[in-house]
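Spelled out from the first residue to the last, the chains are:
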Amino acid sequence: MKKSKYDRILSLYTMLNSGEIINKSEVAIEFGVNERTIQRDIDDIRAFFFDNTLGIGHGKTIIFKKKKKGYRIV
């Protein structure tokens, strides 16, 4: 099922905050988009953490874990 960009980004953010590993190919299929779209969404979340002046996400970053083949929040 294809979701709006905002629903998709918030879903990814929620998944990351829950400690889930995000595999681009799996979530791309789940959301009905391509992997590049998921990469842009992850980049948007990273930018939010970096630019946010309210302290939300302060000190958080998203990294790629090769062994797990996915992204996680640290």
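Right, let's walk through the structure included here. (Residues numbered from 1 in each chain as written. Predicted model: local features only at pLDDT ≥ 70, side-chain atom pairs only at ≥ 80, totals over all residues. Heavy atoms only, no water.)

## A few points about the packing of aromatic side chains
Move 1: Evaluation of the coordinates by the stated rule reveals four aromatic pairs.
Move 2: Aromatic pair Tyr13 and Phe48: ring centres 6.5 Å apart, planes at 90°, arrangement edge-to-face. Here Tyr13 is found in helix 1 (residues 5-17), whereas its partner Phe48 is found in helix 3 (residues 35-51), with 35 residues between them in sequence.
Move 3: The exposure class assigned to Phe48 is partly exposed, which follows from its relative accessible area of 36%.
Move 4: Relative to Tyr71, the ring of Phe64 lies with its centre 5.1 Å away and its plane at 65°, an arrangement referred to as edge-to-face.
Move 5: With a relative accessible area of 43%, Phe64 lands in the partly exposed category.
Move 6: Members of the aromatic cluster, each reached through a chain of ring pairs, are Tyr13, Phe48 and Phe49. (Phe/Tyr/Trp six-rings, centres within 6.5 Å; stacked < 30°, edge-to-face > 60°. Helix = DSSP H or I, 4+ residues; strand = E, 2+ residues; numbered from the N terminus. Buried < 20%, exposed > 50% of the residue type's maximum accessible area, 1.4 Å probe, protein only.)

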